[in-house]
Amino acid sequence: MRFTSSAALLVTASLVTACGGPLEEEIPLPGQEAEVGGTSEALGITLPPVLPCLTSSTVLAQPDGETVPYVWNCRKTGYVPVYATSNDATYGQPSCTDRFVVDVTNIGGRPSRAYVEAVPATAPTTQSACNALFVSGDAWGIVSTTWQSIGTVSGSGVWTPPIFGLPGSCKLRFYVPDSSGSVYTKVRVTGIATQNGSTRIRVRAGAEVFEGNPC
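Reading the values: rules and limits
Residues numbered from 1 in each chain as written. Predicted model: local features only at pLDDT ≥ 70, side-chain atom pairs only at ≥ 80, totals over all residues. Heavy atoms only, no water. Helix = DSSP H or I, 4+ residues; strand = E, 2+ residues; numbered from the N terminus. Buried < 20%, exposed > 50% of the residue type's maximum accessible area, 1.4 Å probe, protein only. Contact = heavy atoms within 4.5 Å. Core = buried A, V, L, I, M, F, W, Y, C linked by side-chain atoms within 4.5 Å. Disulfide = S-S within 2.5 Å. Polar contact = N/O pair within 3.5 Å; in protein donor to acceptor, adjacent residues only side chain to side chain.

Enquirer: Sorry if this is basic, but what is going on with the overall build of the protein chain here?
Expert: In terms of regular secondary structure, the protein chain is built from three helices and eleven strands. Taken across its 215 residues, the protein chain has 46% of its residues classed as buried. Relative to all contacts within the protein chain whose residues are 6 or more apart in sequence, the contacts with residues 24 or more apart total 78%.

Put into structure tokens, the structure is as follows:
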């Protein structure tokens, strides 16, 4: 599958059309940018009149998205990944163009780290194959009852050469920077992944939720 011009724009441009959340939460209306985490100047972005992914037409079911709840497991500690992976590379919808959309719910105010990850058909075994993979994503979170911008991220695969007899490896997971210090009840992450600059591939999106209460 080849990129459309709109998809290429999404990958290369700043993600000013970050995706938000469903209608059951407070949704900023045109001219009410302050309700999604501050003014556009405070966020460092220019908010469009109507943000995509904030309507009931946003699909949270395969192949365009999914909802995954965090489930507490007392046998786990540290950051536990909660995510969904696109069935294929056909994700995209009118309300969130060329993006796979994932809601991580039931976070309950625990610390979390939103991320996106490229999912190639086979694991890269060379630096060139690794560097040819690209991912881009953005994230929002619910603080109390209001959506707040978490941030955006993009990058190409990072190759670690073979060492001490171990094979080389390719890092394909990228965390969305969050300098707000906020904790969320729900996180929405959107992502797109490509190979060789234009061929779209499967993508994974979600959040690592901190679990620090062992049995």
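Enquirer: I would appreciate a short explanation of the nonpolar core in the present structure.
Expert: Across soluble globular proteins, nonpolar side chains have a tendency to be buried as a group. Core analysis: the biggest nonpolar cluster contains 33 residues, and Val102, Val104, Val187 and Val189 have the highest contact counts within it. Broken down by secondary-structure element, the contributors of at least two residues to this core are strand 2 (78–85), strand 3 (100–105), strand 4 (112–119), strand 5 (133–143), strand 6 (146–156), strand 10 (187–195) and strand 11 (199–211). Residue contributions to this core peak at five residues, all from strand 11.

Enquirer: Whenever I open this one, the state of the cysteines confuses me. Can you help?
Expert: Across all of its chains, the model carries one disulfide by this definition. With its sulfur 2.1 Å from that of its partner, Cys130 forms a disulfide with Cys170. In this structure the cystine formed by Cys130 and Cys170 twists about its S-S bond by roughly 80 degrees; its chirality is therefore right-handed. With a gap of 40 residues between them, Cys130 in helix 3 (residues 127–131) and Cys170 in strand 8 (residues 169–171) connect regions that are remote in the sequence. The class for Cys130 is buried, based on a relative accessible area of 0%.

Enquirer: Is there a simple way to explain the environment of Asp138 in this structure?
Expert: By the secondary structure assignment, Asp138 is in strand 5. Sequence separation between Asp138 and Tyr175 is 37 residues; the distance between their C-alpha atoms is 9.5 Å. Within the structure, Asp138 has its side chain in polar contact with the side chain of Arg99 (distance 2.7 Å). A polar contact is formed between the side chain of Asp138 and the side chain of Thr190, at a distance of 2.6 Å.

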